[in-house]
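Chain by chain, the residues run as shown.
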Amino acid sequence: MLKTVICVSGGGTNLQAVIDGIARGTINNVQIVRVISNNKKAYALERAAQAGIDAVCVSPRDYEDREQFNEAFLKKVEEADPDLIVLAGFLVVIPPQLIRRYENRIINIHPSLIPSFCGKGYYGLKVHEAALTRGVKVTGATVHFVDEGTDTGPILMQKAVAVESGDTPESLQRRVMEEAEWVILPACLDLIAAGKVTVAKGQAHIAE
Ligand code: GAR
């Protein structure tokens, strides 16, 4: 069993896709041992509760400085003793000590085809706004390993999604979620749990 901690900030539809994948058997040998949110009001916490998953909230607002938050966050992760950490719409910068301790064991889902529309300031709807402003005809989603940069780690899986005329940031976000995010995040978890994923020289590889 791949013990997995999932970190969330908002609606938690990617968390739900993983919960559903485990229930349906499209994700095998994965157990969600804890959900961590930085936001008490995140609907993702409700989804975790409905699925009977341990869920905790650690908000930077409740700590005097970043260092104290980082320590508290690290503690919440380590208590759960995960094999893998999944950032599923987690909008807080991950403490560097956590990234070092869990090297190649943290993945993130990003709603564009990296290296387009990623890095500092590109999250949630802003990504889709930028894609529409640029006028790209294809966008998509990326699952990548997390290193100390922002969206710079080894790419594990990507899926393209067509932009349609008349798209709004909201309609594009929804299509990218349905056609790409909720497909590739569960697929990556299944592959990692099956031991099929390796990282070498800054690149992720999937065994045949
Ligand atoms: C998702 O679109 C995810 O890709 C994005 O936030 C959304 C969370 O939705 N993540 C980022 O932008 C990270 N840079 P969800 O809470 O419904 O899964």
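Look up: the structure comes first, before these words.
A few points on the structure. (Residues numbered from 1 in each chain as written. Predicted model: local features only at pLDDT ≥ 70, side-chain atom pairs only at ≥ 80, totals over all residues. Heavy atoms only, no water.)

### Considerations on the overall build of the protein
The helix and strand inventory of the protein stands at 6 helices and 9 strands. Here the C-alpha atoms of the protein give a radius of gyration of 16 Å, agreeing with the 17 Å that 2.2 N^0.38 yields for 208 residues. Put simply, the protein shows about 10300 Å² of open surface, and 48% of that area lies on carbon and sulfur atoms. (Helix = DSSP H or I, 4+ residues; strand = E, 2+ residues; numbered from the N terminus. Rg over C-alpha atoms; globule rule 2.2 N^0.38 Å. Areas by Shrake-Rupley, 256 points an atom, 1.4 Å probe, with all protein chains shown as cover.)

### Quick look at the pattern of salt bridges
Under the defined criterion, the tally for this structure stands at 9 salt bridges. Glu-79 is the salt-bridge partner of Arg-34, the closest N and O atoms lying 2.8 Å from each other. With Arg-34 in strand β2 (residues 30-37) and Glu-79 in helix α3 (residues 66-80), the pair connects residues that are 45 residues apart, well separated along the chain. According to the relative accessible area criterion, Arg-34 is buried, its value standing at 10%. For Glu-79, a relative accessible area of 44% translates into the label partly exposed. When salt bridges with common partners are traced through the structure, they connect Arg-34, Asp-54 and Glu-79 into a single cluster. (Salt bridge = Lys/Arg side-chain N within 4 Å of Asp/Glu carboxyl O. Buried < 20%, exposed > 50% of the residue type's maximum accessible area, 1.4 Å probe, protein only.)

### Describing the packing of aromatic side chains
For the coordinates displayed, the defined rule picks out 3 aromatic pairs. Through a chain of ring-to-ring contacts, three or more aromatic side chains come together here, namely Tyr-63, Phe-69, Phe-73 and Phe-90. (Phe/Tyr/Trp six-rings, centres within 6.5 Å; stacked < 30°, edge-to-face > 60°.)

### Examining helix α5 (residues 125-134)
Within α5, burial applies to Val-127, His-128, Ala-130 and Ala-131. Taken down its axis, α5 places every buried residue within 160° of arc, on the same side. Among the residues trailing α5, Gly-135 stands out with phi positive, at a value near 80°. (Arc of directions from axis to C-beta.)

### Focus on the environment of Ser-9
Tracing the backbone shows Ser-9 in the loop between β1 (2-8) and α1 (13-24). Sequence spacing of Ser-9 and Arg-61 is 52 residues, and the spatial spacing of their C-alpha atoms is 14 Å. Residue contacts for Ser-9: discarding those within four places in its chain leaves Ser-37, Asn-38, Asn-39, Ala-42, Gly-89, Phe-90 and Leu-91. A distance of 2.8 Å separates the side chain of Ser-9 from the backbone nitrogen of Leu-91, its partner in a polar contact. (Contact = heavy atoms within 4.5 Å. Polar contact = N/O pair within 3.5 Å; in protein donor to acceptor, adjacent residues only side chain to side chain.)

### Considerations on the packing of α5 against helix α6 (residues 169-193)
The interhelical angle for the contact between α5 and α6, taken along N-to-C directions, is 110°, at an axis separation of 9 Å. With respect to α6, the axis of α5 lies roughly perpendicular. α5 and α6 meet at a crossing whose hand is right-handed. For the pair α5 and α6, the contacting residues are Leu-125, His-128, Glu-129, Ala-131 and Leu-132 in the first and Pro-169, Glu-170, Leu-172, Gln-173 and Val-176 in the second. Classifying every residue of the contact of α5 with α6 gives 6 nonpolar, 2 polar and 2 charged. (Axes fitted to C-alpha atoms, helices over the stretch in contact; angles between N-to-C directions. Parallel < 35°, antiparallel > 145°, perpendicular 65-115°, else oblique. Left-handed = near helix turned anticlockwise from the far one by under 90°. Nonpolar A, V, L, I, M, F, W, Y, C, P; charged D, E, K, R; others polar.)

### Points about the site of the ligand
Gly-12, Thr-13, Asn-14, Gly-124 and Glu-181 are the nearest of the 14 residues found near the ligand. A distance of 2.6 Å separates an oxygen atom of the ligand from a polar atom in the side chain of Thr-13. Between Glu-181 and the ligand, the recorded distance is 2.7 Å, taken from a side-chain N or O atom to an oxygen atom. Look at the ligand: alone it shows 450 Å² of surface, and the protein chains cover 91% of it. At the level of elements, α1, β5 (106-110) and α6 are the ones that each hand at least two residues to the shell around the ligand. (Near = heavy atom within 4 Å.)

### What to know about the state of the cysteines
On inspection of all chains with the given rule, the structure shows 0 disulfides. We note that Cys-57 lacks a disulfide partner, and the nearest cysteine sulfur, in Cys-7, lies 12 Å from it. The partly exposed category is assigned to Cys-57, whose relative accessible area is 28%. Among the cysteines around Cys-188, which has no disulfide bond, Cys-118 carries the closest sulfur, lying 17 Å off. With relative accessibility at 0%, the residue Cys-188 sits in the buried group. (Disulfide = S-S within 2.5 Å.)

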